[in-house]
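# Descriptive structure summary
The lines below spell out each chain.
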Amino acid sequence: MKIGTIASHSALNILSGARAEGFDVVLYCTPGRRKFYSAFGLADAIVEVHSFDEILDTPMEDTVLIPHGSFVAYIGADRILASDLRLFGNKELLRWEENRALKNRLMREAGLRVPREYASVKDIQTPVIVKTYGAAGGQGYFIAKNAEEAQEKMRPDQLYSIQQYVVGTKVFVTYFRSLAHDRTEVFGADIRYETDADANLRFDDTPSFIVVGNLPLVLRESVLAKYYRMGEDFVRGFQRLTGQDIPGPFCLETIIDREQHIYTFEFSGRIVAGTNIWIPTSPYSYLQFGEQMWMGRRIAREIRELMEQGRLEEALT
Amino acid sequence: MKIGTIASHSALNILSGARAEGFDVVLYCTPGRRKFYSAFGLADAIVEVHSFDEILDTPMEDTVLIPHGSFVAYIGADRILASDLRLFGNKELLRWEENRALKNRLMREAGLRVPREYASVKDIQTPVIVKTYGAAGGQGYFIAKNAEEAQEKMRPDQLYSIQQYVVGTKVFVTYFRSLAHDRTEVFGADIRYETDADANLRFDDTPSFIVVGNLPLVLRESVLAKYYRMGEDFVRGFQRLTGQDIPGPFCLETIIDREQHIYTFEFSGRIVAGTNIWIPTSPYSYLQFGEQMWMGRRIAREIRELMEQGRLEEALT
Amino acid sequence: MKIGTIASHSALNILSGARAEGFDVVLYCTPGRRKFYSAFGLADAIVEVHSFDEILDTPMEDTVLIPHGSFVAYIGADRILASDLRLFGNKELLRWEENRALKNRLMREAGLRVPREYASVKDIQTPVIVKTYGAAGGQGYFIAKNAEEAQEKMRPDQLYSIQQYVVGTKVFVTYFRSLAHDRTEVFGADIRYETDADANLRFDDTPSFIVVGNLPLVLRESVLAKYYRMGEDFVRGFQRLTGQDIPGPFCLETIIDREQHIYTFEFSGRIVAGTNIWIPTSPYSYLQFGEQMWMGRRIAREIRELMEQGRLEEALT
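The present account deals with the structure reproduced in this document. Since the model is a prediction, treat every value here as computed from it, not as a measurement. (Residues numbered from 1 in each chain as written. Chains lettered and ligands numbered in written order. Predicted model: local features only at pLDDT ≥ 70, side-chain atom pairs only at ≥ 80, totals over all residues. Heavy atoms only, no water.)

## Let's talk about the overall build of chain A
Counting its regular elements, chain A contains 10 helices and 13 strands. For chain A, whose C-alpha radius of gyration is 20 Å, the value lies close to the compact-globule estimate of 20 Å for 317 residues. The C-alpha extent of chain A, read off along each of the three principal axes, is 60 × 45 × 40 Å. Taking all contacts inside chain A whose residues are at least 6 apart in sequence as the whole, residues at least 24 apart take part in 61%. Roughly 11700 Å² of accessible area belongs to chain A as shown, and the carbon and sulfur atoms make up 47% of that amount. When the 37 positive and 43 negative side-chain charges of chain A are each reduced to one mean point, those points stand 3 Å apart. (Helix = DSSP H or I, 4+ residues; strand = E, 2+ residues; numbered from the N terminus. Rg over C-alpha atoms; globule rule 2.2 N^0.38 Å. Contact = heavy atoms within 4.5 Å. Areas by Shrake-Rupley, 256 points an atom, 1.4 Å probe, with all protein chains shown as cover. Lys, Arg positive; Asp, Glu negative; His and termini not counted. Charge placed at Lys NZ, Arg CZ, Asp CG, Glu CD.)

## Remarks on the pairing of strand β10 (residues 183-196) of chain C
Residues and elements named next belong to chain C. Of all the 14 residues making up β10, 12 are buried; the element is thus mostly covered by neighbouring parts of the structure. Taken together, the seven bridges between strand β9 (residues 169-178) and β10 define a ladder with antiparallel strand orientation. What sits directly across from Val-173, in β10, is Ala-189. Counting the residues in the hairpin turn of β9 and β10 gives four residues, including Asp-182, whose phi is positive at 45°. Pairing between β10 and strand β11 (residues 209-219): eight bridges, direction antiparallel. From the neighbouring strand, Tyr-193 faces β11, where its bridge partner is Gly-213. (Buried < 20%, exposed > 50% of the residue type's maximum accessible area, 1.4 Å probe, protein only. Pairing = 2+ DSSP bridges.)

## As for the relation of the copies chain A and chain C
Least-squares fitting of chain A to chain C yields an RMSD of 0.0 Å, with the superposition described by an axial translation of 0.0 Å and a rotation of 120°. One copy is carried onto the other by what is essentially a three-fold rotation axis. Within chain A, A:Pro216 has its C-alpha nearest the rotation axis, a separation of 4.2 Å. An overlap of only 15% is found between the interface residues of chain A and their copies at the interface of chain C, pointing to separate contact surfaces. (Least-squares fit on C-alpha atoms with pLDDT ≥ 70 in both.)

## Section: the interface of chain B and chain A
Counting residues at the interface gives 41 residues for chain B, matched by 42 residues for chain A. Where chain B abuts chain A, roughly 3500 Å² becomes buried across the two surfaces, and 62% of that area is made up of carbon and sulfur atoms. Considering only the surface of chain B that becomes buried against chain A, B:Phe40, B:Asn200 and B:Phe203 emerge as the three largest contributors, covering 21% of it. The tally of links between chain B and chain A comes to three salt bridges. The partner of B:Asp204 in a salt bridge is A:Arg258, with the nearest N and O atoms 3.3 Å apart. At the surface where chain B touches chain A, the tally comes to 18 residue pairs in polar contact (both at pLDDT 80 or more). (Buried area = accessible area lost by both parts, 1.4 Å probe. Salt bridge = Lys/Arg side-chain N within 4 Å of Asp/Glu carboxyl O. Polar contact = N/O pair within 3.5 Å; in protein donor to acceptor, adjacent residues only side chain to side chain.)

## Quick notes on the sheet that holds strand β5 (residues 117-118) of chain B
Residue and element names in this part refer to chain B. Strands sit in the order β5-β8-β6-β7 across an open sheet of four strands; the sheet is antiparallel. Looking at which strands have only one partner, the edges of the open sheet turn out to be β5 and β7 (141-144). When strand β6 (residues 128-132) meets β7, the two strands line up antiparallel, connected through four bridges. Paired with Lys-131 across the bridge in β7 is Tyr-141.

## Re helix α1 (residues 11-20) of chain C
Here α1(C) lies mainly inside the structure; eight of its 10 residues are buried. Within α1(C), the full set of buried residues consists of C:Ala11, C:Leu12, C:Asn13, C:Ile14, C:Leu15, C:Ser16, C:Gly17 and C:Ala18. Lining the buried residues of α1(C) we find α8 (221-242) and α9 (283-289) of chain B together with β1 (2-6), β2 (24-29), α2 (34-38) and α10 (295-308) of chain C. C:Gly22 sits one or two residues past α1(C) and shows a positive phi near 95°.

## Comments concerning the interface of chain A and chain C
Listed per partner, the contact involves 41 residues of chain A and 42 residues of chain C. Across the chain A to chain C interface the summed buried area is about 3500 Å²; carbon plus sulfur atoms make up 62%. The largest contributions to the chain A side of the interface with chain C come from A:Phe40, A:Asn200 and A:Phe203, which together make up 21% of the buried area. Remark: the boundary between chain A and chain C carries three salt bridges. A salt bridge links C:Glu232 to A:Lys35; the nearest nitrogen and oxygen atoms lie 3.0 Å apart. Remark: the boundary between chain A and chain C carries 18 residue pairs in polar contact (both at pLDDT 80 or more). Secondary structure elements with two or more residues in the side of chain A that touches chain C: α1 (11-20), α2 (34-38), β10 (183-196) and β11 (209-219) of chain A. At seven residues, the largest contribution of residues to the side of chain A that touches chain C is made by β11(A). Here the residues of the side of chain A that touches chain C are counted per class, giving 20 nonpolar, 14 polar and seven charged. (Nonpolar A, V, L, I, M, F, W, Y, C, P; charged D, E, K, R; others polar.)

## Considerations on unusual backbone geometry
Residues apart from glycine generally show negative phi values, whereas peptide bonds are mostly found in trans. Of note, the amide linkage connecting C:Thr195 to C:Asp196 takes the cis form, showing an omega dihedral of 0°. Examined against the element boundaries, C:Asp196 turns out to sit in strand β10. Of note, the amide linkage connecting C:Ile279 to C:Pro280 takes the cis form, showing an omega dihedral of 5°. Structurally, the position occupied by C:Pro280 is in the loop between β13 (262-268) and α9 (283-289). In this structure, B:His9 takes a positive phi of about 65° despite not being glycine.

## Regarding helix α5 (residues 91-98) of chain B
All names here are of chain B. The set of residues buried in α5 consists of Lys-91, Leu-93, Leu-94, Trp-96 and Glu-97. The elements touched by buried residues of α5 are α3 (69-75), α4 (77-82), α6 (100-109), α8 and β13 (262-268). The N-cap residue of α5 is Asn-90: its side-chain oxygen and the backbone nitrogen of Glu-92 are 2.7 Å apart.

## Focus on the side chain of C:Arg298
Residue and element names in this part refer to chain C. Within the element layout of this structure, Arg-298 appears in helix α10. Using a relative accessible area of 1% as the deciding quantity, one classes Arg-298 as buried. Setting aside residues no more than four positions away along its own chain, Arg-298 makes contact with Phe-176, Ser-178, His-181, Arg-183, Glu-185, Phe-289 and Met-293.

## With respect to the pattern of salt bridges
Under the definition given, this model contains 93 salt bridges over all chains. For A:Asp245, the salt bridge identified is with A:Arg177, shortest N-O distance 3.0 Å. Taken together, the positions of A:Asp245 in the loop between α8 (221-242) and β12 (248-256) and A:Arg177 in strand β9 (residues 169-178) put the pair 68 residues apart, joining distant regions of the chain. Taking relative accessible area as the criterion, A:Arg177 reaches 7% and is therefore assigned buried. Between C:Arg95 and C:Glu92 there is a salt bridge, and its shortest N-O distance comes to 2.7 Å. Placement of the pair is C:Arg95 and C:Glu92 together in helix α5 (residues 91-98), with a separation of three residues, close to one helical turn.

If you want it as structure tokens, here you go:
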């Protein structure tokens, strides 16, 4: 059996981890990136494709694919859901992640505190982030301090979604749900490094939040204990709603305000790029395993243990 | 002999390090945190308590306790000082840390540059941080650019302490004072991640400084050399004032301004949570030991070496 | 053969790496720093000098020196270029780095996007950073939002250089050019921690950019692939201009704006202090080598491999 993925996002993380656990690996790679990935020792693992959606038609009977953020971006959730790719993780969660209403329903079912949504500008009682419909990729929105400022900045002919803007520190926590051990592990914490929100200076009051990288973070231990419970609650919430489990990595994307309230504004139901900062180990995974454990390796370890238990199919969808 | 601590702050750091050095460990843990600490492999080390101050009445003849920030927060400095707990480190330093006047006296004796204290608003010559008496936990104060702004924000019926607010970058440096080797080691540097001071946006001019986590930092080597001397000066200052040593970890909490002056505004006489970012190693501890060395392990290594030298009692108070 | 350097900047990084690869080491150290470097196990490697430029007259027939940022600062580019020191790396690159016109020529030849230079205040079309001639060390300049603001802040009797100020996130990427493997490796990414640009508060609109340390960073994998190409382009640009190679470490100093354009505003043709954050390993070097690899060790590994190939002289100038 091989472990494979497409050449983007966290492919280096995933495939180096698979190799560390003794697996053969496959990298579906476009021509322009061949040299880059070869420089990291993956030359002999490359299967060249001209666009990533070719993997939908590529025979790969013995390969388990590890999905990451670029799968949806390049192939699309619908086509992935309709495909017969052997993906590690829960495809159904992808559907809940892609749909704003389902996403909010899951976060609320899990008991997470989420930012308020305002139906109309006259309901606004907090700072807000106002997005035009269809906005994506960290642009196409503005932030307003209150209803008056929001009103001023909105155009009458435009549809908007209005969400509470929580003033506080960004915290992204990644988890690993292990079926082999029937437990939810806190893997690590990080901060997205965003342009130009994280610039030293900016000459307007509308930062953009385009992720260029990630910074490592540890949490106060009492705060970490809260996030541990949130991760468990998230898994249980999904189980209640769907009767299904969440094998593998997921991420809760949060803001902590000055009252120490933790607002979850987003989740990801698969490996996130923030785990790349924790190669070859995070403090939390080291505490848990007593050896260097990065996310790609954690995934491969789980696959190996499930194979030994004859249960791998439970983690594939 | 066992190494123990209470289930908060840096307990994972401390106990994982003790185990790495071959010690049995004890975790005094409240019921609500049992599951969290069990998830990190500490289930069989847990002694359940309903509140942390129960350890004052718990028999633990062969256990050395490693105090951390939550000891004072949950039990109180007075009761710790009056107890017969076998603590690693110097209890007397705790007394100097808890009392603002003693604290300043020690920092000045050590030759550290400290922010100015202003007796009255009319003396103000710099930006200031103005605290109401009894304020704690990163709130209950405001920052003012100058005397005029401070005057405006102060209420006539309220007592305040007025301290210079140093504009610059936050730098927290942790040290380890080894009796076994008679030396002061620089262990690592970090930055507190504070809400909402470290938020991307804030709609007022009064940030709060509530610590939610820590970020890793290395210093310019010439700056590191200065901090090394400051750590040595701190130990010598305490020795001059009390005739006693400071076994184990301590931390200097500083701001570096644009003139590259280093202001020390606070110290901690025990392990700080900032060392959690350096699990399993910091660059500085790796340079020193040539192996992965986190603070919990460093403490346990010292205890082991002092036992081998028959000198452990010197480090317990 | 020994590996040596002067006691500053990244000396701990360099010499610990040399030892890890089995080399004897020499540290040219001033008296005031002897204790600091001894604390890191280098006591027996110290050759005391009263000022660093004494190394110009110190016999060291079998020692290869690893130059770092303090060489130019303490000894001067001219004297280094005129000396017969056996330096690892390309001295000629030093000349291109020291001269603003040559520096820009090399960056443009390499196809890097560089900030615009404005000949006159009336040409300004972007935010600008305006420097008085002779300014150095992160001070002696101001930032202006546009031509009007620049005009206001400039004094008629003063000469200035005017450069586009790019609003965005700071990203410093370090590379290692290996002659032994004929390849350019991405070593790591970091962020300079600067006072008071990175302070939580500042009461003026002119931040200073005095480096006090470095923070670790990983880049989005697609962004990393771009930086990989930029590193290769930089080497090829220098080869086209001079017919020479760049053995060893170099660094591109960039800003990413909200359009995701990467502006290179500076480069360094030798080890930078930012690599100190990646002791004992960076994610990228770990992915490449499958073991802990910091920059000092990478340099020593290259020297050892070139010696085995009988080609060390190619990397010395």
